[in-house]
Amino acid sequence: IPRIFNVSGPLINKHDSYILSSVINSALSGVPVELRARRNVVRGYVAVRDVLDVLFGWLLTSAVPERFVFDTGGDLVEAGELALRVLKVLQRQDLPINRPLPNSEPDDVYFGDGATFEQLAAVQGISLSSLDEQIANTATYMKEL
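What counts, and where the lines are drawn
- Residues numbered from 1 in each chain as written.
- Predicted model: local features only at pLDDT ≥ 70, side-chain atom pairs only at ≥ 80, totals over all residues.
- Heavy atoms only, no water.
- Helix = DSSP H or I, 4+ residues; strand = E, 2+ residues; numbered from the N terminus.
- Buried < 20%, exposed > 50% of the residue type's maximum accessible area, 1.4 Å probe, protein only.
- Areas by Shrake-Rupley, 256 points an atom, 1.4 Å probe, with all protein chains shown as cover.
- Lys, Arg positive; Asp, Glu negative; His and termini not counted.
- Charge placed at Lys NZ, Arg CZ, Asp CG, Glu CD.
- Phe/Tyr/Trp six-rings, centres within 6.5 Å; stacked < 30°, edge-to-face > 60°.
- Pairing = 2+ DSSP bridges.
- Polar contact = N/O pair within 3.5 Å; in protein donor to acceptor, adjacent residues only side chain to side chain.
- Contact = heavy atoms within 4.5 Å.
- Patch = residues over 30% accessible without salt bridge, like charges linked within 9 Å, V, L, I, M, F, W, Y side chains within 5 Å.
- Salt bridge = Lys/Arg side-chain N within 4 Å of Asp/Glu carboxyl O.
- Core = buried A, V, L, I, M, F, W, Y, C linked by side-chain atoms within 4.5 Å.

Caption draft 1: Representation of the overall build of the chain in the model. The helix and strand inventory of the chain stands at five helices and eight strands. In the chain, the order of α-helices and β-strands from amino to carboxyl end is β-β-α-β-β-α-β-β-α-β-β-α-α. In terms of overall dimensions, the chain has C-alpha extents of about 50 × 40 × 20 Å along its principal axes. The proportion of buried residues among the 145 residues of the chain is 36%. Accessible surface computed for the chain: about 8,600 Å², of which carbon and sulfur atoms make up 54%. A gap of 5 Å separates the mean positions of the 13 positive and 18 negative side-chain charges of the chain.

Here's what the structure looks like:
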């Protein structure tokens, strides 16, 4: 049973509601990036293609009969760092990133322990997409809309 946290790539939705797609939208539109969070927002992204490859690979090759749960993972990245990364990958470092001053609220962390997911991928010979690849692939999809 996969617990899927933050995905990237083709067919993602709510382009103005989620951090990754919202920042990509801004970069593609050539407008300043607006981050509204006043606290640290930490995410880890996995390409939807990687999730499907790992799931189908496991279903087709595993002899493990029992059910188990695993989380998707990805490298931890804070929203401000993610915005900088998107602008770099899309070659839009000229755009400003606007963000309110931080407050003392606890961090907003939405991330799973991806160790089992990474092990499943490695056993199957699946090379998981880097965050930069995920950004580029998501932007390519969003440009086509």
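Caption draft 2: Representation of the packing of aromatic side chains. What the rule picks out here adds up to two aromatic pairs. With centroids separated by 6.0 Å and ring planes inclined at 15°, the aromatic side chains of F70 and F117 adopt a geometry described as stacked. Taken together, the residues F70 in strand β5 (residues 70–71) and F117 in helix α4 (residues 115–123) connect sequence positions 47 residues apart. Summarising the burial analysis for this pair, F70 and F117 share the class buried.

Caption draft 3: Here's a closer look at the pairing of strand β4 (residues 41–47). For β4, a buried count of seven out of seven residues is recorded, marking the element as mostly surrounded by other parts of the structure. Because side chains alternate across β4, one face comprises the buried residues V41, R43, Y45 and A47, and the other comprises V42, G44 and V46, equally buried. In terms of strand pairing, strand β2 (residues 6–8) meets β4 through three bridges, oriented parallel. Opposite V7, over in β4, you have V46 as the bridge partner. As paired strands, β4 and strand β6 (residues 76–78) are joined by three bridges and run antiparallel to one another. Paired with G44 across the strands is L76, a residue of β6.

Caption draft 4: Here's a closer look at the side chain of T72. On the secondary structure map, T72 appears in the loop between β5 and β6. Within the structure, the side chain of T72 is placed 3.1 Å from the backbone nitrogen of F5, a separation counted as a polar contact. Apart from residues no more than four positions distant in its own chain, T72 is found in contact with R3, I4, F5, V46, V51, G112, D113, G114 and F117.

Caption draft 5: Broad picture of a nonpolar patch on the surface. A surface patch of nonpolar side chains, amounting to about 460 Å² of accessible area, comprises L52, F56, L59 and L60. Topologically, F56 is positioned in helix α2 (residues 48–61).

Caption draft 6: Inspection of unusual backbone geometry at higher detail. Located in the positive-phi region is L11, a residue other than glycine, with phi close to 75°. Unlike most non-glycine residues, Q91 shows phi in positive territory, near 55°. Relative to the assigned elements, Q91 resides in the loop between α3 (79–89) and β7 (97–98). Its relative accessible area of 64% is what places Q91 among the exposed residues.

Caption draft 7: Highlighting the nonpolar core. Grouped together as the largest cluster of nonpolar side chains are 20 residues, with contacts concentrated most on L20, I24, L82, V86, L90 and I135. Elements that contribute at least two residues to this core include exactly α1 (19–29), α3 and α5 (131–143). No other element matches α5, which puts five residues into this core. Other than its neighbours up to four places away in sequence, L90 contacts I24, A27, L28, I135 and A139. Core analysis: the second largest hydrophobic core is formed by seven residues, V51, F70, L120 and A121 among them.

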